[in-house]
Amino acid sequence: MATVASTPASKPAVRRGREQTLGGRQTRLAYLLLIPTFLILVVVAFYPLGRTFMASFTDELFAHPGAIVHNVGLDNYRQLLSVQIVALPDGKRPAEVLPDGYRESSRFTLMGGTYIIAATDRDFIQALGNTITFTVSSVVLELLLGLGVAMVVNSKFRGRGAMRTAMLIPWAIPTVVSAKIWQFMFNDSSAGVINDLLVNKLHILPESQAWLATNALQMPAIIAVDVWKTVPFMALLLLAGLQIIPGDIYEAAAVDGATGFQQFLRMTLPLLRPTILIALIFRTLDALRAFDVFAVLLGPKLRSLATYDFEKLTGSQLYGYSSAVGVFIFLMLFIFTVIYMTVLRVETE
Amino acid sequence: MSSKRGFSFYAGRVLFFLVVALIAVYTIFPFIWTVFTSLKSEDELFSTPTTYIPTHPTLANYAAVFQNEKFIRGLFNSAVVSLSVVLLSLAIGSFAAYALGRLKFRGKRPVMYIILAMTLFPQVAILAGLFAVVRELNLYGSIGSLITSYLIFTLPFTAWVLTSFFRSLPGELEQAALVDGATPLQTFYMILLPLSAPALVTTGLLAFISAWNEYLFALTFTLTTPAAQTVTVAISQFTGVIARQDPFGEVMAAAVVVTIPLLVLVLVFQRRIVEGLTAGAVKG
């Protein structure tokens, strides 16, 4: 009967079973501690994901208990994703060239000929396009502006603390609330602050615009709202990365004759790369699934993938179909996440 | 070494402060404008061109907002939901974080990756499936649906941040406790947890803000049951008490009421918050 606890250096006189070693106890305890977390994740994440996936192959309707649900195979996906590019010869109307069931999503000209991008679900393709445009524009803008603001706030000046406090304000305001605020600010006439500033005070524009009602202006407007909300947060994130960089390397570089710009390009940016990468990934994923700002600011006028999915589920009540949309969104973000994890792991190795 | 105090130096400084002022104004202006708007009387709201500082400031909008039952109810619901979610996430998340951060076991790495991936999970993708779950659990139209579904983003986040925090704690205290005969669980709640109080506060705060902020689930699960709506839904569906259409004055007053407590929280805890946000991100 060995009663002495074994130290790492000595072999135990008696081999204990897995349960009784400290390692075994740790393992058991660890699994026990993780059970609640996994239980919850199964209930609110994995199971709904499976349910959504299964439902995407059906024609199930929302809030229609008792209706017969049919398996429709890939029909939902076909309806969602069928896209064709059709040539539009001069003199012909789109209706004459478009295949059955297809509607025009947008058109472009190439080498003198006009082509129509047609889809069976035109609204989805447009929502997809909107989301991608929104994501690319806002992420690029937010990264550049955020970097600029971070560099500015990084310098020592009086009131820097107050500045950093002020920068938390847009982040602290709920997205829905800021969307409502900006909705009012974008009011059509000069009762809207944006119009008043641009037209009357700064004389940049000749007359007031109906920002949220004009097709061409809707995207810039919503990007402006997102930029306002997010740039301070991005700046704070990048600022944290900047402050890790020791200051003496800049002094050494200056002694060697490097200009400020060269210092920025050759030293700051590379050292900031991990932080930039993380900020980039988070913002991109957030932008791809943007819901709040689209729902409140533009509603049905301009849809993102998320508001489109929501409308299909709660408005059109197409449970099965919206599940297909959901699966699409999930796959899109999943692929991106995988790319992210791979790149990040490469960074940290 | 001549000190370059020429024109270019001062011009540079002036430019710098101009930029700082611009950033400050850009950041704060919408909120200040909201406060001013909330103090305007109804006729002044839509005057063209718009006025900035109200000519006859009035508290009528605030009075209306506090008489707005749906809104007050929304505030209450949001508070209950957010608080519950935070407490649950902290409790369950800290258990998981202890396992991931201090214990050795097989399969730790995949578990950590799963939890990290969960923080990036797109909620909207599973909206349909989650709706089915909520209905099957008989939670539709109640704040229970929100408390449950919010865990999808608060729990992984809490677990992840607390894990990296626990990992950073020195191990001597635990080892000393173990030598004294404490079980791992005892070291957890007698030693680790008290040490983690600041991290728990920060994480809880961030989780609170994200729960308070949430709109998609709240809209989906409580749209037809006003009694359970949170304040985000209430504000987006705002119908005025005194104004008839586009009650923007009241909406702005409501916006101020919703934002002020959050702002106070953020301002008081700002250092913690910034640390928490960046620690989660920068440390990866």
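Criteria and cut-off values
- Residues numbered from 1 in each chain as written.
- Chains lettered and ligands numbered in written order.
- Predicted model: local features only at pLDDT ≥ 70, side-chain atom pairs only at ≥ 80, totals over all residues.
- Helix = DSSP H or I, 4+ residues; strand = E, 2+ residues; numbered from the N terminus.
- Rg over C-alpha atoms; globule rule 2.2 N^0.38 Å.
- Buried ≥ 20, exposed ≤ 12 C-beta atoms within 10 Å, placed from the backbone.
- Contact = placed C-beta atoms within 7 Å.
- Pairing = 2+ DSSP bridges.
- Domains from an automatic or database assignment.
- Nonpolar A, V, L, I, M, F, W, Y, C, P; charged D, E, K, R; others polar.
- pLDDT = per-residue confidence, 0-100.
- Expected span 1.5 Å × (residues − 1).
- Bend = angle between axes of the 7 residues up to and from the residue.

1. Description of the overall build of chain A
Moving on, step 1. Looking only at helices and strands, chain A has 14 helices and 3 strands in total.
Moving on, step 2. Taking 20 Å as the expected radius of gyration for a compact globule of 349 residues, we find that chain A reaches 28 Å, considerably beyond that expectation.
Moving on, step 3. Across its three principal directions, the C-alpha atoms of chain A cover 95 × 70 × 45 Å.
Moving on, step 4. Within chain A, the proportion of its 349 residues that are buried is 37%.
Moving on, step 5. A separation of at least 24 residues holds for 62% of the contacts in chain A among residues at least 6 apart in sequence.

2. Re the pairing of strand β3 (residues 113–119) of chain A
All names here are of chain A.
Moving on, step 1. When strand β1 (residues 83–88) meets β3, the two strands line up antiparallel, connected through 6 bridges. Counterpart to Gln-84 in the pairing with β3 is Ala-118.
Moving on, step 2. Direction of pairing for strand β2 (residues 103–110) relative to β3: antiparallel, over a ladder of 7 bridges. Within the sheet, the bridge partner assigned to Arg-107 lies in β3 and is Ile-116.
Moving on, step 3. Counting the residues between successive antiparallel strands, the hairpin from β2 to β3 contains 2 residues, one of them, Met-111, with a positive phi of roughly 50°.

3. Topic: the domain arrangement of chain A
Moving on, step 1. Domain annotation for chain A reports domain 1 (18–52), domain 2 (83–119) and domain 3 (122–348).
Moving on, step 2. Computed over C-alpha atoms only, the centres of domain 1 of chain A and domain 2 of chain A are separated by 54 Å.

4. A closer look at the interface of chain B and chain A
Moving on, step 1. Every contact between the two is made by 72 residues of chain B and, on the other side, 79 residues of chain A.
Moving on, step 2. Residues that form the side of chain B that touches chain A fall into these classes: 54 nonpolar, 16 polar and 2 charged.

5. Description of the confidence of the model for chain B
Residues and elements named next belong to chain B.
Moving on, step 1. This prediction gives chain B a mean pLDDT of 82; 92% of its residues lie at or above 70.
Moving on, step 2. When mean pLDDT is compared element by element in chain B, helix α4 (residues 69–102) scores highest at 90, while helix α14 (residues 270–282) scores lowest at 65.
Moving on, step 3. In the model output, the complex is listed with pTM 0.84 alongside ipTM 0.84.

6. Side note on helix α9 (residues 215–244) of chain A
Moving on, step 1. Relative to the 44 Å expected for 30 residues at 1.5 Å per residue, α9 of chain A spans 44 Å between its end C-alpha atoms, a close match to the ideal helical length.
Moving on, step 2. The principal kink in α9 of chain A, of about 35°, is found at Thr-230 of chain A, preceding the proline Pro-232 of chain A by one to four residues.

7. Describing the confidence of the model for chain A
For any part of a model where pLDDT is low, the fine detail of the predicted coordinates should not be relied upon.
Moving on, step 1. Taken as a whole, chain A shows an average pLDDT of 81; of its residues, 91% reach a score of 70 or greater.
Moving on, step 2. Within the model, the stretch residues 1–9 of chain A combines pLDDT values under 50 with 4 contacts to residues more than four positions away or in other chains.

8. Here's the deal with helix α11 (residues 260–288) of chain A
All names here are of chain A.
Moving on, step 1. An ideal rise of 1.5 Å per residue puts 42 Å on 29 residues; α11 reaches only 36 Å between its terminal C-alpha atoms.
Moving on, step 2. Arg-273 marks the point of greatest bend in α11, at about 55°, and the proline Pro-274 comes within the next four residues.
Moving on, step 3. Turning to α11, its buried residues are Leu-272, Thr-275, Ile-278, Ala-279, Ile-281, Arg-283, Leu-285, Ala-287 and Leu-288.

9. Some thoughts on the environment of Ser-56 of chain A
Residues and elements named next belong to chain A.
Moving on, step 1. By the secondary structure assignment, Ser-56 is in the loop between α1 (22–55) and α2 (75–81).
Moving on, step 2. Overall, Ser-56 belongs to the buried group, with 25 C-beta atoms counted inside 10 Å.
Moving on, step 3. Put simply, Ser-56 and Val-325 are 269 residues apart on the chain and 8.0 Å apart in space, counted from C-alpha to C-alpha.
Moving on, step 4. Non-local contacts of Ser-56, meaning those with residues more than four positions away in its chain, are made with Asn-76, Gly-320, Ser-323, Ala-324 and Val-327.

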